Amino acid sequence: MDLAKSGIKILVPKSPIKSRTAVDTFQNESPEKLDPIEQGQDTVTPEVATEKPVGALLGPGAERARMGSRPRIHSLVPQAPGPVTAAMATGLAVNGKGTSPFMDALTASGTTNIQTSVTGVTAGKRKFIDDRRDQPFDKRLRFSVRQTESAYRYRDIVVRKQDGFTHILLSTKSSENNSLNPEVMKEVQSALNTAAADDSKLVLLSAVGSVFCCGLDFIYFIRRLTDDRKRESTKMAEAIRNFVNTFIQFKKPIIVAVNGPAIGLGASILPLCDVVWANEKAWFQTPYTTFGQSPDGCSTVMFPKIMGGASANEMLLSGRKLTAQEACGKGLVSQVFWPGTFTQEVMVRIKELASCNPVVLEESKALVRCNMKMELEQANERECEVLKKIWGSAQGMDSMLKYLQRKIDEF
Amino acid sequence: MDLAKSGIKILVPKSPIKSRTAVDTFQNESPEKLDPIEQGQDTVTPEVATEKPVGALLGPGAERARMGSRPRIHSLVPQAPGPVTAAMATGLAVNGKGTSPFMDALTASGTTNIQTSVTGVTAGKRKFIDDRRDQPFDKRLRFSVRQTESAYRYRDIVVRKQDGFTHILLSTKSSENNSLNPEVMKEVQSALNTAAADDSKLVLLSAVGSVFCCGLDFIYFIRRLTDDRKRESTKMAEAIRNFVNTFIQFKKPIIVAVNGPAIGLGASILPLCDVVWANEKAWFQTPYTTFGQSPDGCSTVMFPKIMGGASANEMLLSGRKLTAQEACGKGLVSQVFWPGTFTQEVMVRIKELASCNPVVLEESKALVRCNMKMELEQANERECEVLKKIWGSAQGMDSMLKYLQRKIDEF
Amino acid sequence: MDLAKSGIKILVPKSPIKSRTAVDTFQNESPEKLDPIEQGQDTVTPEVATEKPVGALLGPGAERARMGSRPRIHSLVPQAPGPVTAAMATGLAVNGKGTSPFMDALTASGTTNIQTSVTGVTAGKRKFIDDRRDQPFDKRLRFSVRQTESAYRYRDIVVRKQDGFTHILLSTKSSENNSLNPEVMKEVQSALNTAAADDSKLVLLSAVGSVFCCGLDFIYFIRRLTDDRKRESTKMAEAIRNFVNTFIQFKKPIIVAVNGPAIGLGASILPLCDVVWANEKAWFQTPYTTFGQSPDGCSTVMFPKIMGGASANEMLLSGRKLTAQEACGKGLVSQVFWPGTFTQEVMVRIKELASCNPVVLEESKALVRCNMKMELEQANERECEVLKKIWGSAQGMDSMLKYLQRKIDEF
């Protein structure tokens, strides 16, 4: 199955193209002084800056007050409330028969994939992004070429081999908000495998833009599941299992720099990495039950180990959202840095680490992980089995669709 | 053995009858707007409000300063320093020979059980509760009838089957301060078994009044142990083992709303539940060594897992008392809410949870618990074996009596 | 091999002799009112007080800001930046040929061991401690005699059998800053074995002076390794294994009062003890990778259990330093007390604990530890195997020497 064909592509204000541009520029011009994370943030256009996830702007107090109310569903796609609705509302308007309107929405809405062609989402009643669509078109082509010229032939991630370490940045084109579909996962796995084999002492994992990773690419998964529930639920569970296993097996330290929201699988893989530094603006949420899914990424084992069952279950069952500081207090994050100096602080530490004896680094990680590995592999296996079961069942499908329906209704 | 016959009943300001009244009223009149927890607190009489446990009123700083002094024994029966002493002092006064005065106290003090008859504790030199004893008598009968009319035929707990969940509230009549004797435990087990079998998606556990649960019903246990140490220590350990096992085995999520002090077994079962929300006024203590007992409720396994050995041992060996905020910081509690909105905050979240796909809830809990279950069962087994051994030994008996003697001497 | 012969002894402002004096005085005069910890701090001379480790004086904010820069190597010997350099710089000055100057430094620098004779470090270009060296000489002899008069025939520790517990204080003469070489370790093991066999209900572990324990005695180990790498790396790993195993096997509660910096093995053994109370001035660091070593003391198992992998790895791989409050927040420390009342707070609690039923204490510890013991033994075994491998390799040796070279170069 080709992603380009099936991809329910809804454009968001934060254009991945622009981010990539920034990275390219940066790679050519100033490899030492600037950093892609910082750069990615700098290139965010003014109108995007005003569309930041609401939660990230609230202090812990305000956040707590807010959490008393409804499921925090809108935070799943924090940057793109407008466009998503546009497409969905269209579907509802076109169809309007009441039976599975979302599916029609998926079929009816004019969607596009950046890799293939540019199609308008003008079917939507609100015109959100049209003006922004036309103008960067030729630029896009130009950078696409420049991209293939470079050594890193990835579409959804940027990989930079640096002195002593490999820097992997999520910067997805085939999904919104760095969310994970099998294509993105495979690229990350491939980059990790390369870093495992070369002379990198460690891997730094981060993301371009203001979002770290929004978990599973829901649009992608729903689309597939409605095609052939049994077969696709197996394939999806398999993809997640392999992705998570790559992290479990990885022998060199993985350091994560969480630049923004980490949701679902984007949050649950963090404990499979070794050190987690977070931007003060980052937040963490695993609202699995809200969209009718069971936990993934070994979170059912690692979250209770890290923060105790009371907090782990509040996140896994009740979908509690943690600010960066809260996540640090609970042990999910090693340390929180201010946005202004985040990249700098991370880079200083990374370079220090990368100057260590690589045998010491690898042996130390092996000592820490050795009697967790089997437990994690089993947990991953179990979690994926349950996911397969839930996704493969009519009831599981229903609650996922109900969730999306609620989301549509909210607009 | 009948509880009514053996029960060393010492009345406390917080009348369980009044609380029960509140619950009944609430069930008949305003099932949506009010909640039994809130209600229970509202109906606390003014003079009770002034007898709150000292610790709960102190800020963390003041609390820390205070903890430097003596064993925090008085906090064991935080609401009833007066009445308990009344009965005990009576025993001492009557006997006064120096040999095991507490046992005489148990025998000599005029005690009563609400279920059977009302006897004065007027033999005590201080008249604490006399005025409060006489007046509610006929009311009690009336509500007793109303209670049997309802569907929930429990004496020490209130069970409310609600939309999607079962609400179990401790409201003990056969013990003080919601402390646990075999009768109370059996009722909780029975209610949990019912909730396991019906269509409840989860269980909410809380308590009527301003105390959550004061652990084992010490008066009850001491009385039995002095009768026949060998046999009764076995029976008691068995009762605790079954009670704790019910929590370990329970498949649906158990959410706890800790409204006030949680002591001993009342605190150690919390990690066997899934989410723990606490009122800011709640506090947590497991002063096992102080009264010559070893830890129970799988706390020897779960406390170190949750908060690390240093904090766990400080609680289990040194009896450190934690405020709600401290318990939250250490991971024993998921989140702390202000007293004024506690019930409201809990209820919003419970209803959200109860709207989830029950398969997802149960599978998620199973995933989190699966590789802990055997470890917990074994821990429970070991802990109960040690309790049996200590309770069954002359030395263990002695240190328990010494503790009670010290407590009596303190007045 | 005799320690006195090999010992690279560099005197530090905090004179162990003075501390010992304090302890002796205290033992003879006021066993109830004063405590060696408090005493040790009181007897610190004014000029020493101004030479406190820099980190301890910084607030968490200032500390964080500082951590962004270079490896925090100087904190390894926090109290003696001057003298250490004096000796090393001397070596460099004498040799100056560029090939392995540190080794020459080790050979060339005039060093001394308190037990044998008093030699000046006056070869150093800066005169740091000369004035302080001459005057306490005869006092030293006097107290040395008094020390042998007492029941506790240890050189590097002070052991005080008290009512219900044994108090072991690190006060090393054969190493700086209470750092651990095989001689010190053997004395601690011997004292623990005595306490295990006598009627002590528990052990209190602390240190004389303002430092708790600076981990492995680096000077000692480097010296040996350069003699015969293969044989000595095996011997050293063996010594550490036995030392750590003594803690794992110890059946009675071990309470630690951390009076000052706890570094490397001095920090990693803390989770093998039961309760850890810390002076507000204490800090914690395990900068293993910085000096080319892998973690020890079961820290690869216990640190992740206590604080989660993110924080554990930040300490173990990235060498993050924790203030006492941070260590408490992460669960490494049970509670933090103000310097002024630290000893008093600890002693009140110790006496309370020592009044408990010893069977309850030992059974409670056994319950908490029982299913960790084997895991810890295996972790200890693994860690020591890796240490042996790293120390025994040319590369491992190199990175240790590079670390020391960097340290020398920094001055």
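Residues numbered from 1 in each chain as written. Chains lettered and ligands numbered in written order. Predicted model: local features only at pLDDT ≥ 70, side-chain atom pairs only at ≥ 80, totals over all residues. Heavy atoms only, no water.

Note the following rule: UniProt positions are given in the numbering used here, feature names are shortened, and annotations may be inferred rather than shown by experiment.
Per an unreviewed UniProt entry, the recorded name for chain A is Chromodomain Y-like protein-like, and the organism is Chrysochloris asiatica. Under Subcellular location (unreviewed entry), UniProt gives the following word-for-word description of chain A: "Nucleus".

Some thoughts on the interface of chain C and chain B
Note the following rule: Contact between two residues is taken to exist if any of their heavy atoms lie within 4.5 Å; hydrogens are not considered. For any pair of parts, buried area is found by adding up, for both, the accessible area (1.4 Å probe) each one loses once the two are put together. By convention in these notes, a salt bridge is any Lys or Arg side-chain nitrogen within 4 Å of a carboxyl oxygen on Asp or Glu.
The partner chain B presents 37 residues to the 30 residues of chain C that form the contact. Summed over both sides, the interface between chain C and chain B buries roughly 2700 Å², with carbon and sulfur atoms accounting for 55% of that surface. The largest per-residue losses of area from chain C upon contact with chain B belong to Glu352, Leu367 and Val368 of chain C, which jointly make up 21% of the total buried on that side. If you look at where chain C meets chain B, you find one salt bridge.

Side note on the relation of the copies chain C and chain B
Heads up, the rule is: Least squares is the method for superposing the copies, and the C-alpha atoms it fits come from residues with pLDDT of at least 70 in both.
Expressed as a screw operation, the relation of chain C to chain B combines 0.0 Å of axial shift with a rotation of 120°, fitting to an RMSD of 0.0 Å. When the rotation and shift are considered jointly, the pair of chain copies conforms to a three-fold rotation axis. Relative to the rotation axis, the closest C-alpha in chain C is found at Lys305 of chain C, a distance of 3.9 Å.

Re the interface of chain B and chain A
Let me state the cut-off plainly: Identification of polar contacts relies on pairs of N or O atoms within 3.5 Å, with a donor-acceptor requirement for protein atoms, meaning one able to donate a hydrogen and the other able to accept it, and with residues adjacent in sequence counted only if both atoms are side-chain atoms. A run of H or I in DSSP becomes a helix once it reaches four residues, and a run of E becomes a strand once it reaches two; helices and strands are each numbered from the N terminus. Each residue receives one of three labels: charged for Asp, Glu, Lys and Arg, nonpolar for Ala, Val, Leu, Ile, Met, Phe, Trp, Tyr, Cys and Pro, and polar for the others, Gly being one of them.
Each partner contributes to the interface: chain B provides 30 residues, whereas chain A provides 37 residues. Buried area between chain B and chain A, summed over both chains or domains, comes out near 2700 Å², and the portion from carbon and sulfur atoms is 55%. At the boundary of chain B with chain A, the tally comes to one salt bridge. A salt bridge links Lys389 of chain A to Glu363 of chain B, with the shortest nitrogen-to-oxygen separation between them at 2.1 Å. Taken together, chain B and chain A are joined by nine residue pairs in polar contact (both at pLDDT 80 or more). At the level of secondary structure, the elements contributing two or more residues to the side of chain B that touches chain A comprise strand 6 (275-279), helix 15 (299-316), strand 9 (335-337), helix 17 (342-354) and helix 18 (358-369) of chain B. Here the side of chain B that touches chain A is composed, by residue class, of 18 nonpolar, six polar and six charged.

Quick notes on the packing of aromatic side chains
The cut-off we apply is this: In summary, the pairing rule links any two rings of Phe, Tyr or Trp, Trp by its six-membered ring, whose centres are within 6.5 Å, and it sorts them by plane angle into stacked for under 30 degrees, edge-to-face for over 60 and tilted for everything else. Relative accessible area decides the class of each residue, using a 1.4 Å probe on protein chains only: under 20% of the type maximum gives buried, over 50% gives exposed, and in between gives partly exposed. Definition used: whenever NZ (Lys) or CZ (Arg) falls within 6 Å of the ring centre and also within 35 degrees of the ring normal, the charge is taken to sit over that ring.
Evaluated as defined, the whole model comprises 14 aromatic pairs over all chains. Look at Phe218 of chain B and Phe291 of chain B: their rings are 4.8 Å apart centre to centre, the planes differ by 80°, and that puts the pair in the edge-to-face class. On the criterion of sequence distance, the pair formed by Phe218 of chain B in helix 12 (residues 218-227) and Phe291 of chain B in the loop between strand 7 (283-285) and helix 15 is long-range, its members being 73 residues apart. On the numbers, 5.2 Å between centres and 70° between planes, the contact of Phe243 of chain C with Phe247 of chain C is edge-to-face. Within this pair, Phe243 of chain C and its partner Phe247 of chain C are both found in helix 13 (residues 229-249), separated by four residues, close to a single helical turn. A relative accessible area of 2% means that Phe243 of chain C is categorised as buried. By the ring-pair criterion, three or more aromatic residues cluster together here, those being Tyr220, Phe221 and Trp391 of chain A. Cation over ring: Lys321 of chain B sits above Trp283 of chain B, and NZ or CZ is 4.1 Å from the ring centre.

Brief notes about the sheet that holds strand 7 (residues 283-285) of chain C
Residues and elements named next belong to chain C. The test is simple: In this analysis, strands are considered paired if DSSP registers two or more bridges between them.
With respect to topology, three strands assemble into an open sheet ordered 5-7-8, the strand pairing being mixed. Two strands in the sheet have a free side with no partner beyond their single neighbour: strand 5 (262-263) and strand 8 (321-323). Two strands pair when backbone bridges link them, and strand 5 and strand 7 are joined in this way by two bridges, in the parallel orientation. Its bridge partner lying in strand 7, Ile263 is registered against Gln285.

Quick look at the relation of the copies chain B and chain A
Its rotation angle being 120°, the transformation that places chain B on chain A also includes 0.0 Å of axial translation and leaves an RMSD of 0.0 Å. By residue overlap, the copies meet through two different surfaces: only 3% of the interface positions of chain B are interface positions in chain A.

Things to note about the packing of helix 12 (residues 218-227) of chain C against helix 13 of chain C
All names here are of chain C. So the rule is basically this: An axis is simply a line fitted to the C-alpha atoms; with a helix, the fit covers only the stretch in contact. Between two such axes, the angle follows the N-to-C directions and lies from 0 to 180 degrees. Oblique is the label for any angle not covered by the other classes, which are roughly parallel (under 35 degrees), roughly antiparallel (over 145) and roughly perpendicular (65 to 115).
Where helix 12 meets helix 13, the closest approach of the two axes is 6 Å, and the angle between their N-to-C directions is 140°. Between helix 12 and helix 13, the angle is such that the two are oblique. Two secondary-structure elements touch here, helix 12 through Phe221, Arg224, Leu225 and Asp227 and helix 13 through Arg229, Glu232, Ser233 and Met236. A class-by-class count of the residues in the contact of helix 12 with helix 13 yields three nonpolar, one polar and four charged.

Here's the deal with the pairing of strand 4 (residues 254-258) of chain B
All names here are of chain B. Among the five residues in strand 4, five count as buried, and that is most of the element. In strand 4, alternate side chains face the same way, and those of Ile254, Val256 and Val258 on one face and Ile255 and Ala257 on the other are all buried. Bridging between strand 3 (residues 202-207) and strand 4 involves three bridges; their strand directions are parallel. Residue Val203 lies in a different strand from strand 4, and its bridge partner there is Ile254. Two strands pair when backbone bridges link them, and strand 4 and strand 6 are joined in this way by four bridges, in the parallel orientation. Residue pairing for strand 6: Ile255 is matched across the bridge by Val275.

Focus on the pattern of salt bridges
Tallied over the entire structure, the rule returns 39 salt bridges over all chains. Here Glu345 of chain B and Arg349 of chain B are joined by a salt bridge, their closest N and O atoms 2.8 Å apart. Linking Glu345 of chain B with Arg349 of chain B, this pair stays in helix 17, spanning four residues, or about one helical turn. Relative accessible area serves as the criterion here: at 5%, Arg349 of chain B is assigned to the buried category. For Arg320 of chain C, the salt bridge identified is with Glu314 of chain C, shortest N-O distance 3.0 Å. Both residues of the pair, Arg320 of chain C and Glu314 of chain C, belong to the buried class.

Brief notes about the environment of Pro295 of chain A
Structurally, Pro295 of chain A is set in the loop between strand 7 (283-285) and helix 15 (299-316). The class for Pro295 of chain A is buried, based on a relative accessible area of 0%. In sequence terms Pro295 of chain A and Val333 of chain A are 38 residues apart; their C-alpha atoms lie 19 Å from each other. Other than its neighbours up to four places away in sequence, Pro295 of chain A contacts Tyr288, Thr300, Leu316 and Glu383 of chain A together with Ser364 and Leu367 of chain B.

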